[in-house]
Amino acid sequence: PRRKPPKHRHATPSGPWPFLDLDDDVDPAQLTSPPPQPKFYEDEETENGHGSVLDSRPYWSHYPQSQFANWTQWQQNKSGIARLVNRRVPMPENCRIFKLDIQSDGIFRANNIRSEEGDYVVRSGRRRILNLTSLIQKPPSEARIKVFFVDNLSGPVLQMLGTKYRIEPFFFSSSLNSIPSRYQEQVRPGKGDHITLTLSFIRTLPSPSTAPPTPTTSYADSAINEDTLHMLQSSILMQAPIIDVEAPLVLTSDPNKLLVLDMISLHVIRRNTIISYHLPSTPPFNTTSASALYKRLLAAGRSVYWSHIFQSTVPSGDPTFVTLSLLWYPLYAWDEVLDTLLVEVASLVHEDAHDQTHVLTHQLHVIRAHLLHYESLLDDFRKTVEFLLKTVNPGLVKPLDPFSSPSHSYERLLNKECTNLLNEIDRLEMTRAMLDNRLGNVMELAFSSVNIEDSRRMKNLAEVSVRDSAVMKQISYLTMIFLPASFVAAIFGMNVMEINPGSYGTVLHYLAAAIPLTVLTVWVMM
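Where an unreviewed UniProt entry is consulted, the protein appears under the name Magnesium transporter, with the organism given as Lentinula boryana. UniProt annotates the protein under Subcellular location (unreviewed entry) with the comment "Cell membrane".

A.B. asks: Explanation requested: the overall build of the protein in the structure shown.
C.D. replies: For the protein, the helix and strand inventory stands at 14 helices and nine strands. On the protein, roughly 28,000 Å² of surface is accessible, and the fraction owed to carbon and sulfur atoms is 60%.

A.B. asks: I would appreciate a short explanation of helix 10 (residues 304–313) in the present structure.
C.D. replies: It helps to recall that an α-helix has 3.6 residues per turn; residues three or four apart then point in one direction. Within the span of helix 10, buried status applies to Trp306, Ser307, Ile309, Phe310 and Thr313. Projected down its long axis, helix 10 shows its buried positions confined to an angular sector of 160°, all on one face. Residues of helix 10 that are exposed and angled more than 90 degrees away from the buried face: Val304, His308 and Ser312. Its side-chain oxygen placed 3.4 Å from the backbone nitrogen of Tyr305, Ser303 serves as the N-cap of helix 10.

A.B. asks: I would appreciate a short explanation of a nonpolar patch on the surface in the present structure.
C.D. replies: A contiguous nonpolar surface patch, about 550 Å² in accessible area, is contributed by Val507, Leu508, Tyr510, Leu511, Ile515 and Val519. Inspection of the secondary structure assignment puts Ile515 in helix 14 (residues 507–525).

A.B. asks: Whenever I open this one, the nonpolar core confuses me. Can you help?
C.D. replies: Side chains of a nonpolar character, in soluble globular proteins, are inclined to be buried together. Grouped together as the largest cluster of nonpolar side chains are 66 residues, with contacts concentrated most on Val147, Phe149, Leu324, Trp334, Leu341 and Tyr374. Of the residues forming this core, the biggest block, 14 residues, is contributed by helix 11 (residues 320–354). Dropping the residues within four chain positions of it, Trp334 is found in contact with Phe201, Ile202, Tyr374, Leu377, Leu378, Phe381 and Leu428. In terms of nonpolar packing, the next biggest core, distinct from the first, is built from 27 residues, Leu153, Leu158, Leu176 and Tyr183 among them.

A.B. asks: Sorry, what's going on with the UniProt feature "transmembrane region" (unreviewed entry) in the protein here?
C.D. replies: Summarizing the sequence annotation, UniProt attributes the feature "transmembrane region" (unreviewed entry) to residues 475–495 and 507–525 in the numbering used throughout. For the annotated span residues 507–525, helix accounts for 100% and strand for 0% of the residues, and the straight-line distance between the end C-alpha atoms is 27 Å.

A.B. asks: Can you help me understand the UniProt feature "coiled-coil region" (unreviewed entry) in the protein in this one?
C.D. replies: Under the UniProt annotation, "coiled-coil region" (unreviewed entry) lies at residues 411–438. Counted over residues 411–438, helix gives 100% and strand 0%. Its end C-alpha atoms are 40 Å apart.

A.B. asks: Explanation requested: the packing of aromatic side chains in the structure shown.
C.D. replies: Each aromatic ring pair is characterised by the separation of its centres together with the angle its planes make. Throughout the structure, instances matching the rule amount to 14 aromatic pairs. When the ring of Phe321 is compared with that of Tyr410, the centres are 5.5 Å apart and the planes differ by 90°; the resulting orientation is edge-to-face. Here Tyr410 lies in helix 13 (residues 408–492) and Phe321 lies in helix 11, a separation of 89 residues in the sequence. Since its relative accessible area comes to 0%, Phe321 is described here as buried. Aromatic side chains Trp334 and Tyr374 sit 5.5 Å apart centroid to centroid with 75° between the ring planes, which places their arrangement in the edge-to-face category. Of this pair, Trp334 sits in helix 11 while Tyr374 sits in helix 12 (residues 358–390), and the two are 40 residues apart along the sequence. Each member of the pair, Trp334 as well as Tyr374, carries the same accessibility label: buried. Feature note: the residues Tyr63, Phe68, Phe171 and Phe172 constitute an aromatic cluster, connected by ring pairs. Just above the ring of Tyr165 sits the side chain of Lys164; from NZ or CZ to the centre is 5.3 Å. Over the face of the ring belonging to Phe68 we find Arg166, whose NZ or CZ atom lies 4.8 Å from the ring centre.

A.B. asks: Whenever I open this one, helix 6 (residues 155–164) confuses me. Can you help?
C.D. replies: In terms of burial, helix 6 is a largely internal element, ten of the ten residues being buried. Listing the buried residues of helix 6 in full gives Gly155, Pro156, Val157, Leu158, Gln159, Met160, Leu161, Gly162, Thr163 and Lys164.

A.B. asks: Honestly, the pattern of salt bridges in this entry has me stumped. Any pointers?
C.D. replies: Counted by the stated rule, this structure contains 16 salt bridges. In this structure, the salt-bridge partner of Arg382 is Glu386, at a minimum N-O distance of 3.1 Å. Of this pair, Arg382 and Glu386 are both found in helix 12, four residues apart, which corresponds to roughly one turn of the helix. Ionic pairing is found between Arg382 and Asp426, a salt bridge with its closest N-O pair at 1.9 Å. Note that Arg382 is positioned in helix 12 and Asp426 in helix 13, a separation of 44 residues in sequence. Through salt bridges that share partners, Arg9, Asp21, Asp24 and Lys78 make up one connected network.

A.B. asks: It is not clear to me how the pairing of strand 1 (residues 95–103) should be interpreted in this structure. Could you clarify?
C.D. replies: Each regular strand shows side chains that alternate between the opposite faces of the sheet. In terms of burial, strand 1 is largely enclosed, as nine of its nine residues are buried. Taken together, the eight bridges between strand 1 and strand 4 (residues 143–151) define a ladder with antiparallel strand orientation. Note that in strand 4 the partner of Asp101 across the bridge is Lys146. In this structure, strand 1 lies alongside strand 2 (residues 108–110), joined through three bridges in antiparallel fashion. Along strand 2, the bridge assignment pairs Asp101 with Arg109. Hairpin connection of strand 1 to strand 2: four residues between the antiparallel strands, including Gly106 at a positive phi of 85°.

The rules behind these values
Residues numbered from 1 in each chain as written. Predicted model: local features only at pLDDT ≥ 70, side-chain atom pairs only at ≥ 80, totals over all residues. Heavy atoms only, no water. UniProt positions renumbered as here; feature names shortened; annotations may be inferred. Helix = DSSP H or I, 4+ residues; strand = E, 2+ residues; numbered from the N terminus. Areas by Shrake-Rupley, 256 points an atom, 1.4 Å probe, with all protein chains shown as cover. Buried < 20%, exposed > 50% of the residue type's maximum accessible area, 1.4 Å probe, protein only. Arc of directions from axis to C-beta. Polar contact = N/O pair within 3.5 Å; in protein donor to acceptor, adjacent residues only side chain to side chain. Patch = residues over 30% accessible without salt bridge, like charges linked within 9 Å, V, L, I, M, F, W, Y side chains within 5 Å. Salt bridge = Lys/Arg side-chain N within 4 Å of Asp/Glu carboxyl O. Core = buried A, V, L, I, M, F, W, Y, C linked by side-chain atoms within 4.5 Å. Contact = heavy atoms within 4.5 Å. Phe/Tyr/Trp six-rings, centres within 6.5 Å; stacked < 30°, edge-to-face > 60°. Lys NZ or Arg CZ within 6 Å of the ring centre and 35° of its normal. Pairing = 2+ DSSP bridges.

Listed below in structure tokens is the structure:
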């Protein structure tokens, strides 16, 4: 239940070799193919959205290589795109698309607000594909902005969206491989551009051992989930040498919650369209679904504050502020995570004051390692908002005047809303830094407590040594008292003729043996 470390080198079109590492060979066919010709397929369409791009199935079914020749079959396989577009792989039965239209007056129009199935459920069959074609090519009528939320992306959906809007495959590959990225492409003054935002964030989820089984989950699966949770907890209790910040963080203060990585993936065509792609959930760690974000955007349209913003910006067809409203979702998730960590750190501080164990110390290290990882994720969040602030929509400038810019009221509003988000991110970073410093203080306190305990033990050992020395001194004094008597007894016990008449030994014999042995002993000791 962990995410692979993202390969940032394959995040944007700026990297000229997509999913081609240094040890991989370049396809010779790619080197001999004619150079690509820039082309914008929106030019082939009328203003109401009709066109010939998707009329021919063989045309869109060769995406991405038909539009991006440098994406060979090898690179499609390595990036994971081939798993979706390969016709031999069964199409997911639950690919759902939620469509939201925003009218020129800022009013949000949705067909199935209460439905969890979406506007279209893409399954196999020609009729379903034609229905999907009509969904994508449907005239906007009064709608100025279209927002598509896609769950469990299937091959035809990927190829149709990519062909119609000429989406760089990096959007799909970054989403499939959870690679954070942000870049601008297809810049056309007076018409618009494309920007891609894929952002990783942390959110709280119910623990699999406490969450009730869903209609698609059996109780047997719940038992497996409990084993999974037990394995995660055991990795902490057994002090595993590797701390994996990509894996879910198990909390000791609240066993009902886990902190897991999630991702929001947005491709914004700054003429009138937003595409939000949602990764397939991996049970038991269900990430944000298309339905959840779809309903959040609907709720934002009912907000008095944001409805005024949409009413003033949507008529131009610019979806920038709709994108900004969606970026509040990861901010809410971050805020809930830090609230949970405040309780977790307070619990660890309380336990540390009473229990100086290696398990608790390791848990402190685990939390701090994740906080260091969160610092990089929050910094990436900040850069994403700043990117949106600094990347001017070319559709709002005059095509013949390179020095023109959007209206001052638009710039003020964009700067205001981006500043609001940046200020909130600063607050989150300050909270994260405070937690990190607090954990550092607790760890120092733990080490100081260990040192104090060691000093106390050394003091006790020294006191015991002093008592032992006093006892030995008393034994030495007692020995000195009996030493003269022992010496006299030894002399009188000698078998020499001066003391014991009739013996053959003399005192001279004794001295002749004792003095050399004494000298030899002193010499060896010296």
